[in-house]
Amino acid sequence: MPKSKIKYIVISDIHLGAYNSLLTYIEEFPDPVKDSDRFKVNPQKTSPALAELLNCLKHIVHSVNGSSKPPQFILLGDVLELALGDINEASMTFERFLDIAYKETKHHFSESIVYIPGNHDHHLWETAREKQYMEYIANLKPNQYINQTWHTTKMVNPDFIQSDLLTGILRRNKKLKKAEAVIAYPNLEIPSKNGKRSVFLTHGHFLENIYSLMSTVQRVLLPEMDEDKDKPKPTQSVWTKMGNYIPFRKQKEVPNPTSIYVLERENFAWIDFFWSTLGRSGKVGTGIGLIYDMLQDEKAVSRLAKNVADYAVRNLKVALFLKTIFAWVLRSILTKVVVKVGQAERGMSDSVLSDEVVHNMNSYLGETLPAQWKAETQKTKREFPNDYTFIFGHTHKPFAVETQDLGLKIPGKEVFNTGGWVVDTIQPMSSHGGAVLFIDEDANVASFKVYTEGELKPNFLVPDGKTNPMYETLVENIDLQNKKFEALSRSLEEEIRLRRRLLKVRIKE
């Protein structure tokens, strides 16, 4: 096989600025006055794991590309932690990333960065989108009609938007005065040089139902809004009308829209508020972060449920023993429900994907991506590619498989997950871990799986039984027994231990 060159480096879910991120510096104070003061984020210092990871990436790029054009970073969402952390700490930790990545005079990586926001940094998309819309209005003639706002960039031949915040952070570095960060959202196509193969990238939050909650609520509460008013309604028989009043009858499933334009337009405010803004709201935000950590521990959830139950029954005008019974029942129900929801949100199982995500991925690959493609290529008549690779993050579980191995309806496509670089739980989750993906100019993809909590040893991955020039080049040119990779594994092991100590303290608060 011909030797490949790395054109893109894809990484996601590093949650810079978050206390549970392995790539954020955490200071531990041995003798704090209070347990809550024992661990602190220090965004002006560099996490040892971050430094070792970037040193390994430089080694890989130099070994594969030599003096060729440096590859471009694609940051695939949840890179800055804006949901459970402060924007200043996220920004300064991103600076530490840049300090190490662009330390040398001759840069190993392109000065242009592509950023595809996820749910935890969705606000970066909102600020970029609003900037683009203001510029659009400013260029209109007086009294010219103003179109509605749009909620996505183009997937094909993308209309990137420069991020003022990210570009500003880049240019604070003396070596990056002309650098820029551009945003695409939520989908991006990377075609091969000959146009016969494509890579599709998205963060992946729309593969979970919670991120289309507002669409679901609207279709449950006001289903008539989706009815075609011009289409005559079928006449119902007497028996059908009577059947509508039968209790506990099976209800018709309310499907969410498959159009990415509709999904984002209906849910952007919900995603931005709860997943990218609320966590920075003073003491409320601090409390939200603490509750998030407590969801994994049933005793901690029981304490939260008790507070809610006691508050709910305190004004009931019944005997005290009945209040106690009602509170106990409500507490028990809340504990079971919340633990189940909290564990589902964190992917607390060793299965690669949940049934929910598999179902939604079938829809995303089979309907959402082709529909966006068709809308954007009507003038060019480009056919949706038969040969493509799908890349996403969000789940914090790195893998490389074919679609049929996930139980998807569309066979023969490769699916890669970038994993995540956080410790979500006190108990080890063997499937959780982080990976970095490499893409060459022919849209070949290979995964550098750096670690999982079940195995810290790094390796290169493609789906079983498959190979490609990018993978072959990495295997032939990179010795993973090199001391650089050993140092990376050691630093990750120590940082994981540190985060687990931190989580134990937070949950006991």
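These lines cover the structure that appears in this document, whether it is placed above or below. Each residue is numbered by its place in its chain's sequence as written, counting from 1. Owing to the predicted nature of the model, reporting of local features is limited to residues with pLDDT of at least 70; listing and counting of side-chain atom pairs is limited to 80 or more, with chain, interface and lining totals taken over all residues. To obtain the side-chain values, all non-hydrogen atoms of the structure were used and water was disregarded.

### Describing the overall build of the protein chain
Logical step 1: Helix numbers and strand numbers start at the N terminus; a helix is a DSSP run of H or I with at least 4 residues, a strand a run of E with at least 2. The helix and strand tally for the protein chain stands at 13 helices and 15 strands.
Logical step 2: Accessibility throughout is a Shrake-Rupley quantity obtained with a 1.4 Å probe, and a residue counts as covered only by protein chains that appear here. Looking at the protein chain as shown, the accessible area adds up to about 25600 Å², and 55% of this sits on carbon and sulfur atoms.

### Some remarks on helix α2 (residues 87–101)
Logical step 1: The span expected for a helix works out to 1.5 Å for each residue beyond the first. With 15 residues, α2 should cover 21 Å at 1.5 Å per step; its first-to-last C-alpha distance of 21 Å lies within 8% of that length.
Logical step 2: Think of it in three bands: residues with accessible area under 20% of the maximum for their type are buried, residues over 50% are exposed, and the middle band is partly exposed, with areas taken using a 1.4 Å probe on protein chains only. The complete set of buried residues in α2 reads Ala90, Ser91, Thr93, Phe94, Glu95, Arg96, Phe97, Leu98, Ile100 and Ala101.
Logical step 3: Here, two residues are considered to be in contact whenever any of their heavy atoms come within 4.5 Å of each other. Where the residues of α2 are buried, they touch α1 (48–65), β4 (72–75), β5 (112–115) and α4 (164–172).

### Here we look at the packing of α2 against α4
Logical step 1: Where α2 contacts α4, the two axes come as close as 10 Å, and the packing angle between them is 50 degrees. As judged from the angle between their axes, α2 and α4 are oblique. With respect to the hand of their crossing, α2 and α4 are arranged in right-handed fashion. Note on element contacts: α4 touches α2 through Leu165, Leu166, Ile169, Leu170 and Arg172, opposite Ile87, Ser91, Phe94, Glu95 and Leu98.
Logical step 2: Tallied by class, the residues present in the contact of α2 with α4 amount to seven nonpolar, one polar and two charged. Helix axes are fitted only over the stretch in contact, all axes being lines through C-alpha atoms; the angle between N-to-C directions runs from 0 to 180 degrees. Our angle categories are set so that under 35 degrees counts as roughly parallel, over 145 as roughly antiparallel, 65 to 115 as roughly perpendicular, and the remainder as oblique. Handedness of a crossing is defined here by the sense of rotation of the near helix relative to the far one, left-handed for an anticlockwise turn of less than a right angle and right-handed for a clockwise turn. Residue polarity is assigned by list, with Asp, Glu, Lys and Arg as charged and Ala, Val, Leu, Ile, Met, Phe, Trp, Tyr, Cys and Pro as nonpolar; anything else, Gly included, falls into the polar class.

### Quick word on the sheet that holds β4
Logical step 1: A pair of strands counts as paired when DSSP detects no fewer than two bridges linking them. Ordered by their spatial adjacency, eight strands build an open sheet running β6-β7-β5-β4-β1-β13-β14-β15, and the pairing between neighbours is mixed. Edge positions in the sheet fall to β6 (161–162) and β15 (459–461), since each has one partner strand and no second.
Logical step 2: The pairing of strand β13 (residues 433–439) with strand β14 (residues 445–452) spans seven bridges and is antiparallel. Bridging from a neighbouring strand, Ile439 pairs with Val445 of β14.
Logical step 3: Packing of α1 onto the sheet brings it into contact with β1 (8–11), β4, β13 and β14, and relative to β13 it is tilted by some 25 degrees.

### Things to note about the sheet that holds strand β11 (residues 399–402)
Logical step 1: What the five strands build is an open sheet, ordered β8-β9-β10-β12-β11; its pairing is mixed. Two strands in the sheet have a free side with no partner beyond their single neighbour: β8 (187–191) and β11. The mean angle between the axes of side-by-side strands here comes to 20 degrees, regardless of whether they run parallel or antiparallel.
Logical step 2: Here β8 pairs with strand β9 (residues 197–202) via five bridges, running antiparallel. When the sheet's bridge partners are listed, Leu188 is paired in β9 with Leu201.
Logical step 3: Each of β8, β9 and β10 (387–392) touches helix α11 (residues 355–376); the most contacted strand, β10, lies at about 115 degrees to it.

### Looking at the pairing of β5
Logical step 1: Strand direction decides the pairing type here: β4 and β5, joined by two bridges, are parallel. The partner of Ile74 across the bridge, within β5, is Val114.
Logical step 2: Orient the strands so they point away from the viewer; a crossover is then right-handed if the path from the first strand over the helix to the second runs clockwise. Between the parallel elements β4 and β5, the chain passes through α2 in a crossover that is right-handed.

### Remarks on the pattern of salt bridges
Logical step 1: Just to be clear on terms, a salt bridge is a Lys or Arg side-chain nitrogen sitting within 4 Å of an Asp or Glu carboxyl oxygen. This model, assessed by the stated rule, comprises 18 salt bridges.
Logical step 2: Between Glu453 and Arg500 there is a salt bridge; the shortest N-O distance is 2.5 Å. In this pair, Glu453 sits in the loop between β14 and β15 while Arg500 sits in helix α13 (residues 483–508), placing the two residues 47 residues apart along the sequence. Each member of the pair, Glu453 together with Arg500, is buried.

### Observations regarding the packing of aromatic side chains
Logical step 1: Pairing of aromatic rings covers Phe, Tyr and Trp, the last through its six-membered ring, and needs centres within 6.5 Å; plane angles under 30 degrees mean stacked, over 60 mean edge-to-face, and all others mean tilted. Counted under the stated rule, the structure contains 21 aromatic pairs.
Logical step 2: One Lys or Arg, Arg129, reaches over the ring of Phe268 and ends 5.1 Å from the middle of that ring.
Logical step 3: Think of it as a cone above the ring: NZ of Lys or CZ of Arg counts as a charge over the ring if it is within 6 Å of the ring centre and within 35 degrees of the ring normal. In this structure, Arg506 is placed above the aromatic ring of Tyr19, and the distance from its NZ or CZ to the ring centre is 4.0 Å.

### Let's talk about a nonpolar patch on the surface
Logical step 1: Every patch collects residues that have over 30% relative accessible area and no salt bridge, joining them within 9 Å if they carry like charges and within 5 Å if they are nonpolar side chains (Val, Leu, Ile, Met, Phe, Trp, Tyr). Residues Leu316, Val318, Phe321, Ile325, Phe326, Trp328, Val329 and Ile333 make up a contiguous nonpolar surface patch of about 770 Å² in total accessible area.
Logical step 2: If you trace the backbone, Trp328 turns up in helix α10 (residues 320–345).

### Some points on empty space enclosed by the protein
Logical step 1: Throughout, the protein atoms alone are placed on a 1 Å grid, and a set of points is a cavity if a 1.4 Å probe fits but cannot get out or a pocket if it is open with protein on both sides within 12 Å along at least five of seven lines; lining residues have an atom within 4 Å of a point. Grid points are joined across faces, edges and corners, and a volume is the space filled by probe spheres set on the points. Evaluation of the coordinates by the stated rule reveals one cavity of 30 Å³ or more.
Logical step 2: Taken as a whole, the largest cavity spans an internal volume of roughly 40 Å³.
Logical step 3: If you trace the largest cavity, you find it lined by Pro186, Thr202, Gly204, His205, Phe206, Leu207 and Tyr364.
Logical step 4: Residues of the lining of the largest cavity, tallied by class, amount to four nonpolar, three polar and no charged.

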